Amino acid sequence: MVKHLINIRKDENDMLKNKNTGITLIALVVTIIVLLILAGISVNMLTGQNGILNKAAEAKEKTEEAQKEEQIKLAVMSSIGTDGLINLNQLKTEIERQGGSIAGTTFPVAVTTGNTSYQVDQYGNVTKETKNENIEENWTVADISNNNDEWYAYKDASGKKVDVNTPKLANGMTAIKYEKDVEGSKWANTVTKDGSMWVWIPRYAYKITYKNKDDKSAGGTIDIAFLKGTTNEFLDSTIQGDVKTSISDVTYTDNANGTKSQDQWVLEPAFTFGGENIAGFWFAKFETSNTDGYGDDVSTANNANLTLQIKANVTSWRNITSANMFITCLDLTSNAKSKTYFNNISNVDTHMTKNVEWGAVAYLAHSKYGLNGEEIGINTNSSFKTGIGNDGSSAYNTNVGKNSSTTKNVYGIYDMSGGAHEYVAACFKGYTNMLLTEEKDVAYISKYIDVYDEYSSSKYGDAVFETSSNYSGSTSWFLDHSAFVSKDNPIFRRGGNFSSDSSAGLFHFYCCITGGESKDYGFRPVCIVK
């Protein structure tokens, strides 16, 4: 009996022992699972996308970038001369001493240190360069130092390249080049942050020779001499004579062969902006459009708050009043909209194209650095698509489309003949209210609007009186239409539209009753970087 009880106790002890062993194994398994979970979390915290290692690497990178930027700023400060301006040669020395490099011979310049590039403007602003994702298809970033003419090459009809002022980029502009090699004159192209495309018109003086001394409408040639910086010195030292700054100082000679030639060079007036000499300006490559695609319906298009863009193969912005066009162009540098286009606007002005700026493009286009006396192709697209050729459908970069460019290649300006009629900031005396929504002083009006009181030689450089024989009719060069402004028709429009046929062109000018909205009237801006 006792032995039996002992065996039962022994069995119970064995069962209890086994039971305790089972609990220990479960606890061990649970413990292992918990440890694995914790280990997984720890590894993720250590190596994940937002892990400690990545955060540390990002912090290190940001610290290094901040140090590089600080070094560049110190180099800028060390390069300020006694005149308060940055000495570019000194800046180059300072940057190279730090192991960096500079591209460009005028401000803004590109400073590269390590794998990072920065843009430095003449005011000492340092901005890290970021890739512009909005560059037009078939275009890519160009070297602003223009090695091997990568960015631009203003060439005459024989292929000879001439010196021009280095294009002045605003902070936020990107120099661009076409991905394929092209023949002919390559005018400098750029894009703003939004991808809007602009073309550089460098400072120049001009001379006109008329084919018929008694009939200006017979056409002629325009000689161009590019000028240095904001001066009136010729970049080509072989050119003789000086540059007049007023047409009243210019004389003409009737030649024995029946032609009539201008005796002196005269500064193109578009390169004096508000009394200040400028090295050049950026002209919109295409007629203006907006990001919403509005243009056909006045109820949606007549709105200055829409976002302007300058791109190819989109519907141009029409059905907007001349006053709203004027506001829209100014607003590119407003506090509300400037960040769409620029990083910094301290040295930037944007405004609606004036007659003299249209004329400056027309004269350069007609010269041997553009069309070499040929007529530009008409954009005949009845849907008001931008950059289209004279067959009404071919895009700007096709063989047909290129004929509607000021250079006969993709580097020129489009829609200056056909497309939509273009309002410009030019009017008859006493009618600036067609462009302004509030009263402005004389200085402001003189800066932003060309005001006329008669069809005469007092106005020049605008492709109006100089390139036509009468204020009315088909009397402009290439038989482009002429219709001068008056009290009854006070606002200028330029270029003609898609259905204007042979009367459309660079030298076409017309008058409008009001600056009202129309499905046929578009516009474009100009950008000046000081």
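Reading the values: rules and limits
- Residues numbered from 1 in each chain as written.
- Predicted model: local features only at pLDDT ≥ 70, side-chain atom pairs only at ≥ 80, totals over all residues.
- Heavy atoms only, no water.
- Helix = DSSP H or I, 4+ residues; strand = E, 2+ residues; numbered from the N terminus.
- Rg over C-alpha atoms; globule rule 2.2 N^0.38 Å.
- Buried < 20%, exposed > 50% of the residue type's maximum accessible area, 1.4 Å probe, protein only.
- Pairing = 2+ DSSP bridges.
- Axes fitted to C-alpha atoms, helices over the stretch in contact; angles between N-to-C directions.
- Contact = heavy atoms within 4.5 Å.
- Phe/Tyr/Trp six-rings, centres within 6.5 Å; stacked < 30°, edge-to-face > 60°.
- Lys NZ or Arg CZ within 6 Å of the ring centre and 35° of its normal.
- Polar contact = N/O pair within 3.5 Å; in protein donor to acceptor, adjacent residues only side chain to side chain.
- Core = buried A, V, L, I, M, F, W, Y, C linked by side-chain atoms within 4.5 Å.
- Salt bridge = Lys/Arg side-chain N within 4 Å of Asp/Glu carboxyl O.
- Patch = residues over 30% accessible without salt bridge, like charges linked within 9 Å, V, L, I, M, F, W, Y side chains within 5 Å.
- Areas by Shrake-Rupley, 256 points an atom, 1.4 Å probe, with all protein chains shown as cover.
- Expected span 1.5 Å × (residues − 1).
- pLDDT = per-residue confidence, 0-100.

Engineer: What exactly am I supposed to notice about the overall build of the chain here?
Structural biologist: Helix and strand content of the chain: 8 helices and 28 strands. Relative to the 2.2 N^0.38 estimate, which gives 24 Å for 530 residues, the radius of gyration of the chain is 33 Å and therefore markedly larger than a compact globule would have. Once the C-alpha set of the chain is aligned to its principal axes, its extents read approximately 150 × 55 × 45 Å. For the chain, the proportion of its 530 residues judged to be buried stands at 50%.

Engineer: I tried to follow the sheet that holds strand 1 (residues 101-103) on my own but got confused; where do I start?
Structural biologist: Whether parallel or antiparallel, the strands of a sheet pair through hydrogen bonds between backbone atoms. Read across the open sheet, the 4 strands follow the order 1-2-3-4; overall the sheet is antiparallel. Looking at the sheet topology across the chains shown, the edges are occupied by strand 1 and strand 4 (126-128). With direction set aside, neighbouring strand axes in the sheet form an average angle of 30°. In this fold helix 3 (residues 88-97) packs onto strand 1, strand 2 (109-113) and strand 3 (116-120), with an angle of close to 140° to the strand it touches most, strand 1.

Engineer: Is there a simple way to explain the packing of aromatic side chains in this structure?
Structural biologist: The relation between two aromatic rings is expressed through the spacing of the ring centres and the mutual angle of the planes. Considering all chains together, one arrives at 31 aromatic pairs under this definition. A ring pair is formed by Tyr 154 and Phe 226, whose centres lie 6.3 Å apart and whose planes are at 70°; its orientation type is edge-to-face. Of this pair, Tyr 154 sits in the loop between strand 5 (139-141) and strand 6 (174-178) while Phe 226 is found in strand 10 (residues 220-226), placing the two residues 72 residues apart along the sequence. Side by side, Tyr 154 and Phe 226 carry an identical accessibility label, which is buried. Seen from their ring centres, Trp 200 and Trp 282 are 5.2 Å apart, and the 55° between their planes marks the pair as tilted. One end of the pair, Trp 200, is in strand 8 (residues 197-202); the other, Trp 282, is in strand 17 (residues 280-284), and 82 residues separate them in sequence. Over the aromatic face of Phe 384 sits the side chain of Arg 318, whose NZ or CZ is 3.9 Å from the ring centroid. The ring centre of Tyr 452 lies 5.2 Å from the NZ or CZ of Lys 459, which sits over that ring.

Engineer: Just checking my understanding: could you explain the side chain of Asp 462 for this structure?
Structural biologist: Residue placement: Asp 462 occurs in the loop between strand 22 (450-452) and strand 23 (472-473). Here Tyr 452 takes part through its side chain, which lies 2.6 Å from a polar atom of the side chain of Asp 462. Apart from the residues within four sequence positions on either side, Asp 462 is in contact with Asn 355, Val 356, Gly 359, Tyr 363, Tyr 452 and Arg 494.

Engineer: Just to check I follow, could you spell out the nonpolar core for this structure?
Structural biologist: Nonpolar side chains in soluble globular proteins generally cluster together in the buried interior. The biggest cluster of nonpolar side chains holds 105 residues, and the ones touching the most others in it are Ile 201, Tyr 204, Phe 281 and Trp 282. Ranked by residues supplied to this core, first place goes to helix 7 (residues 355-366) with 8 residues. When sequence neighbours within four positions are dropped, the list of residues in contact with Tyr 204 reads Ile 224, Ala 225, Phe 226, Leu 227, Leu 267, Glu 268, Phe 271, Gly 359, Ala 360, Tyr 363 and Leu 364. Residues Ile 72, Ala 75, Ile 86 and Ile 95 belong to the second largest nonpolar core, which totals 14 residues.

Engineer: What exactly am I supposed to notice about unusual backbone geometry here?
Structural biologist: Residues other than glycine predominantly adopt negative phi, and peptide bonds predominantly adopt the trans conformation. Notably, Asn 148 is not glycine yet its phi reads approximately 60°, a positive angle. Structurally, Asn 148 can be placed in the loop between strand 5 and strand 6.

Engineer: Just to check I follow, could you spell out the side chain of Arg 493 for this structure?
Structural biologist: By secondary structure assignment, the location of Arg 493 is in strand 25 (residues 491-494). If we ignore the near neighbours within four places in the chain, the residues touching Arg 493 are His 421, Glu 422, Tyr 423, His 508, Phe 509, Tyr 510, Cys 511, Cys 512 and Tyr 521.

Engineer: I keep staring at the pattern of salt bridges and nothing clicks. Help me out?
Structural biologist: It is possible for side chains bearing opposite charge to pair when their charged atoms get close. For the structure on display, the rule yields 12 salt bridges. Note that Asp 214 is salt-bridged to Lys 213, the shortest N-O span being 3.2 Å. What makes Lys 213 partly exposed here is its relative accessible area of 32%.

Engineer: What is the right way to read a nonpolar patch on the surface from this model?
Structural biologist: Residues Leu 25, Leu 28 and Ile 32 make up a contiguous nonpolar surface patch of roughly 280 Å² in combined accessible area. Relative to the helices and strands, Leu 28 resides in helix 1 (residues 2-47).

Engineer: In this structure, what is going on with the sheet that holds strand 6? I would like to understand it.
Structural biologist: Spatially, 5-6-7-8-17-28-20 is the arrangement adopted by the 7 strands of the open sheet, whose pairing is antiparallel. Looking at strand neighbours, the two that pair on one side only are strand 5 and strand 20 (348-352), the edges of this open sheet. Sheet twist, expressed as the mean angle between neighbouring strand axes with direction ignored, is 35°. Judged from the 3 bridges that link them, strand 7 (residues 189-191) and strand 8 form a sheet pairing that is antiparallel.

Engineer: Is there a simple way to think about the pairing of strand 28 (residues 525-529) in this case?
Structural biologist: Two faces, one strand: in a regular strand the side chains alternate between the faces of the sheet. Most of strand 28 is tucked away, with 5 of its 5 residues classed as buried. Here strand 28 shows two buried faces, one formed by Pro 525, Cys 527 and Val 529 and the other by Val 526 and Ile 528. Looking at chain direction, strand 17 and strand 28 are connected through 2 bridges and run antiparallel. By the bridge assignment for strand 28, Phe 283 is matched with Val 526. In terms of strand pairing, strand 20 meets strand 28 through 5 bridges, oriented antiparallel. When the sheet's bridge partners are listed, Val 348 is paired in strand 28 with Val 529.

Engineer: Would you mind showing me how to read the environment of Leu 506 here?
Structural biologist: Within the element layout of this structure, Leu 506 appears in the loop between strand 25 and strand 26 (509-512). Since its relative accessible area comes to 4%, Leu 506 is described here as buried. Taking the C-alpha atoms as reference points, Leu 506 and Trp 477, 29 residues apart in sequence, are found 8.7 Å from one another.

Engineer: It is not clear to me how helix 7 should be interpreted in this structure. Could you clarify?
Structural biologist: Think of an α-helix as 3.6 residues a turn; residues three or four steps apart then line up on the same face. Counted at 1.5 Å a residue, the expected span for helix 7 with its 12 residues is 16 Å, and the 16 Å between its end C-alpha atoms agrees. Across the 12 residues that make up helix 7, a large majority, 12, are buried. Along helix 7, the residues that are buried comprise Asn 355, Val 356, Glu 357, Trp 358, Gly 359, Ala 360, Val 361, Ala 362, Tyr 363, Leu 364, Ala 365 and His 366.

Engineer: Help me out: how do you make sense of helix 5 (residues 322-330) in this one?
Structural biologist: Where burial is concerned, most of helix 5 is hidden: 7 out of the 9 residues are buried. The set of residues buried in helix 5 consists of Ser 322, Ala 323, Asn 324, Met 325, Phe 326, Thr 328 and Cys 329.

Engineer: What am I meant to see in the confidence of the model for the chain here?
Structural biologist: Low pLDDT marks stretches whose predicted atomic positions should not be read closely. Per-chain confidence: the chain averages 90 in pLDDT, with 91% of residues scoring 70 or above. The low-confidence segment residues 1-6, where pLDDT is below 50, has 0 contacts with residues more than four positions distant or belonging to other chains.

Engineer: What's the story with the environment of Asp 263 in this structure? I'm lost.
Structural biologist: Assignment of secondary structure puts Asp 263 in the loop between strand 13 (260-262) and strand 14 (265-267). Residues Asp 263 and Val 250 lie 13 residues apart in sequence; the distance between their C-alpha atoms is 6.8 Å. Leaving out residues up to four positions away in the same chain, Asp 263 has contacts with Lys 207, Thr 251, Tyr 252 and Thr 253. There is a polar contact of 2.7 Å between the side chain of Asp 263 and the side chain of Thr 251.

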